[in-house]
Amino acid sequence: MSFSTEYEKFMKRAPGSCKLFEENKRLAPFGVHSNYRVHDPFPIFVRKAKGSRIWDVDGNEYIDFNMAFGALVAGHSHPILVEELKKNLEEGTIFGHESSESIMLAKIICGRFKLDMVRFNSTGMEVTMYAVRLARAYTGRSKIMKFEGCYHGSNDNLLVSVKPHLSKTGHIKHPIPVPASPGLSPEVSKYTVVAQFNDVESVDRLFEKYGDEIAGVILEPVAMNMGVIEPDPEFLKTLRKLCDEYNSVLIFDEVKTCGKWFGGAEERYGVKPDLKALGKAIGGGIPLSAIGGRKEIMELFGPGKVSHAGTFNANPLSVKAGIITLEKILTRDAMEKAAKLGEQLAKGYRDIIEDYKIKALVSTIGISGAVLFTDQEHVRNYRELLKCDFGKWFGYFISMLNRGIIPAATGPDEQWTISVQHTPEDIEKHLEAFKEVAPIVKGVEQPLEMVEAV
Ligand SMILES: Cc1ncc(COP(=O)(O)O)c(C=O)c1O
């Protein structure tokens, strides 16, 4: 058995997806509607999904641990959500006016994530964009500090050093800002300074150099777009201290972490940022995001002040989905149960890796985890992530698909998501499949492959 046999097997079991991919390529560039969905030899095309399962157009059933890149902690079409949203479909999906339910959702979100005030949007990229705008308006400064390898959505301001090629990144302690896409204004890289995740010195140095120009520091408090990298114990606290010292706005991009355990990063790490950007899981599968935080910064939004607008903002469908998801589905108890399944999955992976003596690391937090094929002892930043064997990861991914498991979101820089609808049997099946795939992984030595720009 080898990865090439697995790729052939995949092509044989999914001819319908292959055909649709070819057709879609003629209409949508690369045959997908989001760059991150494409992978070799072709992505599966999905017919339907329910609970923890997905069925492709060829009738293959998968247990889904991608869960829409972490947006579906509620699982596919949660029955409570479906029942409630049916009423919304009949009573108006968008009003273009405010509603009492948006007040209810604002109270829930402000309470759970400890925000003074909040505004709603639909996607993660919008709210990180607004966070940057608010930071600039509040401080009157222009520069934003971000971290190499962190992803904050496809908005221009933050499309810098997302997945830069190693040859362009410069010294590990002084990362060079690398545009992550053609088409960005050159100003973007000029006004973005890049530090190394988990490296206080690299942050300190940038503050020393540009302190009175830095409007804000934005980061994923757990780097969920580099596998799963937890912040070192003092890292977030030091960022808070430095932002206070230099009067910069500290922004946590919690688009992913707000759905990994109950209360988000502040609850886990005891550090309060000035602004938080929330998204993905809070809508239970319906587009909903939120920007919130300190009152004096949030109050800059308003007519004639900082622009914040959106036809679909706080539409009743998203608002109802948010209320039901946060109040009835992603309860503390349900999140803790799902996290226990996460621990079970991670332990199972570690045991199999040990049994087969595979060079790999498993990192996990709450309901998410990631496996990286590497002989390093840890992966704490983007440079260490790049030393992992990405080719091997994709071979593992395809081999798992062949066994009816979507093991994680697409890419070694992603992770698995366990929803509140996953069961212990789903975890067992995932591990059974990995047990079959482990000897193939063990037998393959592939050269390092690195990703280019987004
Ligand atoms: C940390 C983080 N921030 C922002 C975004 C952008 O969210 P969206 O895809 O909803 O625009 C993502 C998406 O994966 C993300 O992982």
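Residues numbered from 1 in each chain as written. Predicted model: local features only at pLDDT ≥ 70, side-chain atom pairs only at ≥ 80, totals over all residues. Heavy atoms only, no water.

Student: Provide a residue-level description of the overall build of the protein, including the pertinent values.
Tutor: If you tally the helices and strands in the protein, you get 16 helices and 14 strands. For 454 residues, the compact-globule formula gives about 22 Å, and the C-alpha radius of gyration of the protein, at 22 Å, lands near that figure. Summarising its shape, the C-alpha atoms of the protein cover approximately 60 × 55 × 45 Å along the three principal directions. Within the span of the protein, comprising 454 residues, buried residues form 58% of the whole. Long-range pairs, those at least 24 residues apart, make up 72% of the contacts in the protein between residues at least 6 apart in sequence. For the protein, the exposed surface amounts to about 19000 Å²; the carbon and sulfur share of it is 54%. Side-chain charges in the protein split into 57 positive and 60 negative, and the spacing between the mean points of these groups amounts to 1 Å. (Helix = DSSP H or I, 4+ residues; strand = E, 2+ residues; numbered from the N terminus. Rg over C-alpha atoms; globule rule 2.2 N^0.38 Å. Buried < 20%, exposed > 50% of the residue type's maximum accessible area, 1.4 Å probe, protein only. Contact = heavy atoms within 4.5 Å. Areas by Shrake-Rupley, 256 points an atom, 1.4 Å probe, with all protein chains shown as cover. Lys, Arg positive; Asp, Glu negative; His and termini not counted. Charge placed at Lys NZ, Arg CZ, Asp CG, Glu CD.)

Student: Lay out the site of the ligand with the relevant residues and their values.
Tutor: Around the ligand, the neighbouring residues are Thr123, Gly124, Met125, Tyr151, His152, Gly153, Glu220, Asn225, Asp253, Val255, Lys256 and Lys280. Interatomic distance of 2.8 Å between a side-chain N/O atom of lysine 280 and an oxygen atom of the ligand. Protein burial of the ligand: of its 390 Å² of free accessible surface, 83% is covered by the chains. For the shell around the ligand, a count of residues per class yields 3 nonpolar, 5 polar and 4 charged. (Near = heavy atom within 4 Å. Polar contact = N/O pair within 3.5 Å; in protein donor to acceptor, adjacent residues only side chain to side chain. Nonpolar A, V, L, I, M, F, W, Y, C, P; charged D, E, K, R; others polar.)

Student: Just give me the short version of the domain arrangement of the protein, but keep the residues and values in it.
Tutor: Interfaces are often described in size by the accessible area the parts lose on coming together. Segmenting the protein into domains produces domain 1 (3–73 + 331–443) and domain 2 (79–329). Residue-level contacts link 33 residues of domain 1 with 41 residues of domain 2. Summing both partners gives a buried area of about 3000 Å² for domain 1 against domain 2, and 55% of it is carried by carbon and sulfur. It is Ile365, Tyr382 and Arg383 in domain 1 that bury the most area against domain 2; as a group they hold 27% of the surface buried on that side. At the junction of domain 1 and domain 2, the tally comes to 5 salt bridges. (Domains from an automatic or database assignment. Buried area = accessible area lost by both parts, 1.4 Å probe. Salt bridge = Lys/Arg side-chain N within 4 Å of Asp/Glu carboxyl O.)

Student: Which residues make up the sheet that holds strand β3 (residues 61–64), and what are the values?
Tutor: With mixed pairing, the 4 strands of this open sheet are ordered in space as β1-β2-β3-β13. Across the chains shown, the open sheet's two edge strands, defined by having one partner strand only, are β1 (46–50) and β13 (405–406). Pairing analysis gives 2 bridges linking β3 to β13, with the strands arranged parallel. Counterpart to aspartate 64 in the pairing with β13 is isoleucine 406. (Pairing = 2+ DSSP bridges.)

Student: Residues and numbers for the side chain of glutamate 384, please.
Tutor: Within the secondary structure, glutamate 384 is located in helix α14 (residues 382–385). Buried charge without a partner: glutamate 384 forms no salt bridge, and the closest opposite charge is arginine 380, 4.9 Å away. Apart from the residues lying within four places of it in its own chain, the contact partners of glutamate 384 are Gln376, His378 and Val379.

Student: Can you tell me about the packing of helix α1 (residues 3–13) against helix α15 (residues 390–401), naming the residues and giving the values?
Tutor: Between α1 and α15, whose axes approach to 9 Å, the crossing angle comes to 45°. Taken as axis vectors, α1 and α15 run oblique relative to one another. Seen along the crossing, α1 lies across α15 with a hand that is left-handed. Taken together, the residues of α15 that come into contact with α1 (itself represented by Phe3, Glu6, Tyr7, Phe10 and Arg13) are Lys392, Phe394, Gly395, Tyr396, Ile398, Ser399 and Leu401. (Axes fitted to C-alpha atoms, helices over the stretch in contact; angles between N-to-C directions. Parallel < 35°, antiparallel > 145°, perpendicular 65-115°, else oblique. Left-handed = near helix turned anticlockwise from the far one by under 90°.)

Student: Report on the pattern of salt bridges, specifying residues and quantitative values.
Tutor: Taken as a whole and judged by the stated rule, the model has 28 salt bridges. In this structure, lysine 87 engages glutamate 84 in a salt bridge whose closest nitrogen and oxygen atoms are separated by 3.4 Å. Taken together, the residues span about one helical turn, with lysine 87 and glutamate 84 both in helix α4 (residues 79–91) at a distance of 3 residues. By relative accessible area, which is 42% here, lysine 87 ends up partly exposed. Glutamate 84 sits in the buried class, given a relative accessible area of 17%. As a salt-bridge pair, glutamate 213 and lysine 143 come within 3.0 Å of each other at their nearest N and O atoms. Of this pair, glutamate 213 sits in the loop between α8 (200–210) and β7 (214–219) while lysine 143 is found in strand β5 (residues 143–147), placing the two residues 70 residues apart along the sequence. Residue glutamate 213 is classed as partly exposed on the basis of its relative accessible area, which comes to 34%. Looking at lysine 143, the relative accessible area reads 9%, which means it is buried. Within the structure, one salt-bridge network assembled from shared partners comprises Arg240, Asp244, Asp274, Arg294 and Glu296.

Student: A description of the packing of helix α5 (residues 100–113) against helix α12 (residues 316–329) should follow, citing residues and the corresponding values.
Tutor: Two elements in contact, α5 and α12, have axes whose closest approach is 9 Å; the angle formed by their N-to-C orientations is 40°. In this view, α5 runs oblique relative to α12, as classed from their interaxial angle. Considering only the axes of α5 and α12, their crossing is left-handed. Contacts between α5 and α12 pair Glu101, Ser102, Met104, Leu105, Ile108, Ile109 and Arg112 from the former with Val319, Lys320, Gly322, Ile323, Leu326 and Glu327 from the latter. Taken together, the residues of the contact of α5 with α12 break down into 7 nonpolar, 2 polar and 4 charged.

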